[in-house]
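# Structural description and commentary
Below are the chains, spelled out letter by letter.
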Amino acid sequence: MTTIRRRQVMQRRERLWGLLFVTPIGLQVLLFCIVPVGIAIVAGFTNWNVIKGTYDFIGLDNFVEFLTDKKFWIAAGNTVYMLIPIPFYLFFGILFALGSHRGTPGSRIFRILFFLPYISSIVALVVMWRWLFNYQYGLVNQMLAGIGIQGPDWLGDPAWIKTTIVIMIVWKMIGITSIYVLAALKNIPEVYYEAARLDGASAIRMFFQITLPMLSPAIFFLTIVGIIGSLQTFVEVQLFTSDGGRNYSAATITYYIWQKAFVSNDLGLAFAAAFFFALVILGVTLIQFRLSRRWVYEGE
Amino acid sequence: MARTNTAVRRTGTVVSFLLMLAGGVTMVLPFLWMLSTSLKQSNLVFGPPQWIPDPINWANYSRIWDAAPLATGLANSTIVTVLVVAVGTFSSTMAAFAFAKLAFPHKRTLFVALLATIMIPLVVLILPQFLVYAQIGWIDTLLPLIVPGLLGNVTMIFFLRQYMLGIATELMEAAKLDGAGFFRIYWSIFLPLCKPAIAANVIIVFMATWNDYLGPLIFTSSPENSTVQLVIASLNSFHAEQTDFPLIMAASIIAVLPVVILFTITQKYFVDSFAFTGIKG
């Protein structure tokens, strides 16, 4: 009798403490996530203007407006362009993780060096990049000139600014990618390789038949996170250009939304575009999960 | 046979070393160039590349404090980062413990909701947040950068929950039999056992908070409420036209230094706890 009552008391206390422990994060999600999203959904259907403080419900007008805005589609194209870094940093990340995993001398120091770009703030990186890629005096163009190539105007030329941003993102992301891959490599049971060796499998065969399939969940995770992140590229554009670049050549969708909200003060339109954009990202993510069944190893 | 195998392996190591060396140099050269530039006189950076400054000129590092409100920026960033890291880690570890080890109503729903928030594009959150903060008078204060962070960090909760799931529940049952309360079990048993994972996550939150540019850009405006990133960014847009590159480089070095030092000291925790809590192969 007393044991049963004691257990009941313990269970009640456990429920209480459990709820208490998750209260802070629950509050955070409610106040800084659910409430804002609610506002965002409603506001997209209004012509909200912050300065005037007025709003009326205008139905789908905002959606029609940005979907027929030429700038929006330029930004959409640029946003897709920002997916280009992903295969590159995945490739180099896997390469360096493999090097680190096989115990290449100096791996520990290389790992710190590889992480330098990732841990530095994007502001500092852009500052550095603007100097490195300066048309006249930048190190990159001076080195190119040394081997007889006239470097482009990386930052000013609408044809090059996106490439400059892409190079920076690849450079920044290799380190963290290789850490994730390295962690996944360490989780592959050594017995698989031993068995393969007994069967006389070559190193190349083992890489494609064991290592790569076993890495597929990590690669999938990095691709998903990478795509969600890349589609939201904003800070680089805002820091590199003053108004999205000449001919809007670097502006992304997030940049477009930010400009509408904080430069043109057209909040309703910004909310509508943000809402639409969120649905697109959700759709892209769901499709990826669908496709993943074909190539991601899910374990026994 | 054995000899060729060893030879192949040695060649592999050499190739791998050279590749990693090339990669490492690519990673570090821009930083060395930044450091080198920061030690040059402003008018001496427009010639052919010169790696070792001659003369070495420390003036940029003293000049910068008058050229921009860098001290204010550093102070603000320190306040925000210290509060978010200290209090936020406390909230996050508590939540992670509850999600991993305690039974309470709506646990699954709450956890899924938590994970779903990661999927929401930042721009969808930050616009309405701006409006809410404007209503309650938080715009152009440090509060929007601090208060949400105090309540915890979803990524950290997710990682630490994963880590705590790996710790035997018997430990908790035994402590319960000994009459320990749930806070005690969390504080004296689970926290110490999670030290390496917490350390790795603390660094990540520290970096994310210190390096944050988007939040300060949207929520603050006046110089006395600027964080260090905002100070550097406005210095950049102002001085890039005047091409005082050494001055901006010096400021950037100062802004990057705390994170680099912290990371170098604690980097051994990284791979280890990633291997534990990260994606399982």
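Please refer to the structure higher up on the page.
Reference entry: report on the structure contained in this document. (Residues numbered from 1 in each chain as written. Chains lettered and ligands numbered in written order. Predicted model: local features only at pLDDT ≥ 70, side-chain atom pairs only at ≥ 80, totals over all residues. Heavy atoms only, no water.)

Turning next to the overall build of chain B. On a plain count of helices and strands, chain B comes out with 14 helices and 0 strands. In sequence order, the secondary structure elements of chain B are arranged as α-α-α-α-α-α-α-α-α-α-α-α-α-α. Over its C-alpha atoms chain B spans a radius of gyration of 24 Å, topping by over 25% the 19 Å that the globule rule assigns to 281 residues. Taking the principal axes of the C-alpha coordinates as reference, chain B spans close to 75 × 75 × 35 Å. Considering chain B as a whole, with its 281 residues, one finds that 52% of them fall into the buried category. Residue pairs in contact within chain B that sit at least 24 positions apart in sequence constitute 72% of those at least 6 positions apart. Only carbon and sulfur atoms are counted for the fraction: they give 69% of the accessible area of chain B, which is about 12,600 Å². Considering chain B, the positive charge centre built from 14 side chains and the negative charge centre built from 11 side chains are found 20 Å apart. (Helix = DSSP H or I, 4+ residues; strand = E, 2+ residues; numbered from the N terminus. Rg over C-alpha atoms; globule rule 2.2 N^0.38 Å. Buried < 20%, exposed > 50% of the residue type's maximum accessible area, 1.4 Å probe, protein only. Contact = heavy atoms within 4.5 Å. Areas by Shrake-Rupley, 256 points an atom, 1.4 Å probe, with all protein chains shown as cover. Lys, Arg positive; Asp, Glu negative; His and termini not counted. Charge placed at Lys NZ, Arg CZ, Asp CG, Glu CD.)

End to end, helix α7 (residues 154–165) of chain B covers 16 Å across 12 residues, agreeing with the expected 16 Å (1.5 Å per residue, within 8%). With a side-chain oxygen positioned 3.0 Å from the backbone nitrogen of T155 of chain B, the residue opening α7 of chain B is N153 of chain B. (Expected span 1.5 Å × (residues − 1). Polar contact = N/O pair within 3.5 Å; in protein donor to acceptor, adjacent residues only side chain to side chain.)

I257 of chain A together with F97 of chain B are the most contacted members of the largest nonpolar core, which has 183 residues in total. In this structure, I257 of chain A is in contact with A270, A273, A274 and F277 of chain A together with V123 and L127 of chain B, ignoring residues within four places of it in sequence. (Core = buried A, V, L, I, M, F, W, Y, C linked by side-chain atoms within 4.5 Å.)

Residues and elements named next belong to chain B. A contiguous nonpolar surface patch, about 760 Å² in accessible area, is contributed by V14, L18, L21, V25, L29, L32, L35, W51 and I52. Mapped onto the fold, I52 is located in the loop between α1 (2–38) and α2 (59–67). By relative accessible area, which is 63% here, I52 ends up exposed. (Patch = residues over 30% accessible without salt bridge, like charges linked within 9 Å, V, L, I, M, F, W, Y side chains within 5 Å. Salt bridge = Lys/Arg side-chain N within 4 Å of Asp/Glu carboxyl O.)

This brings us to the packing of helix α5 (residues 107–119) of chain A against helix α13 (residues 245–266) of chain B. Where α5 of chain A contacts α13 of chain B, the two axes come as close as 10 Å, and the packing angle between them is 145 degrees. As for the relative orientation of α5 of chain A and α13 of chain B, their crossing is right-handed in sense. Across from I112, F115, L116 and I119 of chain A in α5 of chain A, the residues of α13 of chain B making contact are V259, V260, F263 and T264 of chain B. Of the residues belonging to the contact of α5 of chain A with α13 of chain B, the class tally is 7 nonpolar, 1 polar and no charged. (Axes fitted to C-alpha atoms, helices over the stretch in contact; angles between N-to-C directions. Left-handed = near helix turned anticlockwise from the far one by under 90°. Nonpolar A, V, L, I, M, F, W, Y, C, P; charged D, E, K, R; others polar.)

For the rest of this paragraph, the subject is the pattern of salt bridges. Within the structure shown, the criterion is met by 4 salt bridges over all chains. A salt bridge links E14 of chain A to K176 of chain B, with the shortest nitrogen-to-oxygen separation between them at 3.4 Å. Of this pair, E14 of chain A sits in helix α1 (residues 2–43) while K176 of chain B sits in helix α8 (residues 170–177), placing the two residues on different chains. A single burial state applies to E14 of chain A and to K176 of chain B, both of which are buried. Through salt bridges that share partners, E14 of chain A together with E173 and K176 of chain B make up one connected network.

Further remarks concern the environment of F275 of chain A. Summarising the element assignment, F275 of chain A is placed in helix α13 (residues 267–295). Along the primary structure F275 of chain A and V37 of chain A are separated by 238 residues, whereas in three dimensions their C-alpha atoms are 8.9 Å apart.

The subject of this paragraph is the interface of chain B and chain A. The interface of chain B with chain A comprises 96 residues on the first partner and 89 residues on the second. For the pair chain B and chain A, the summed buried surface comes to about 8,600 Å²; carbon and sulfur atoms form 79% of the total. Where chain B touches chain A, the interface holds 1 salt bridge. Across the chain B-chain A interface, the total number found is 14 residue pairs in polar contact (both at pLDDT 80 or more). With 18 residues, α1 of chain B is the single largest residue contributor to the side of chain B that touches chain A. A breakdown of the residues in the side of chain B that touches chain A according to their chemical character gives 69 nonpolar, 22 polar and 5 charged. (Buried area = accessible area lost by both parts, 1.4 Å probe.)

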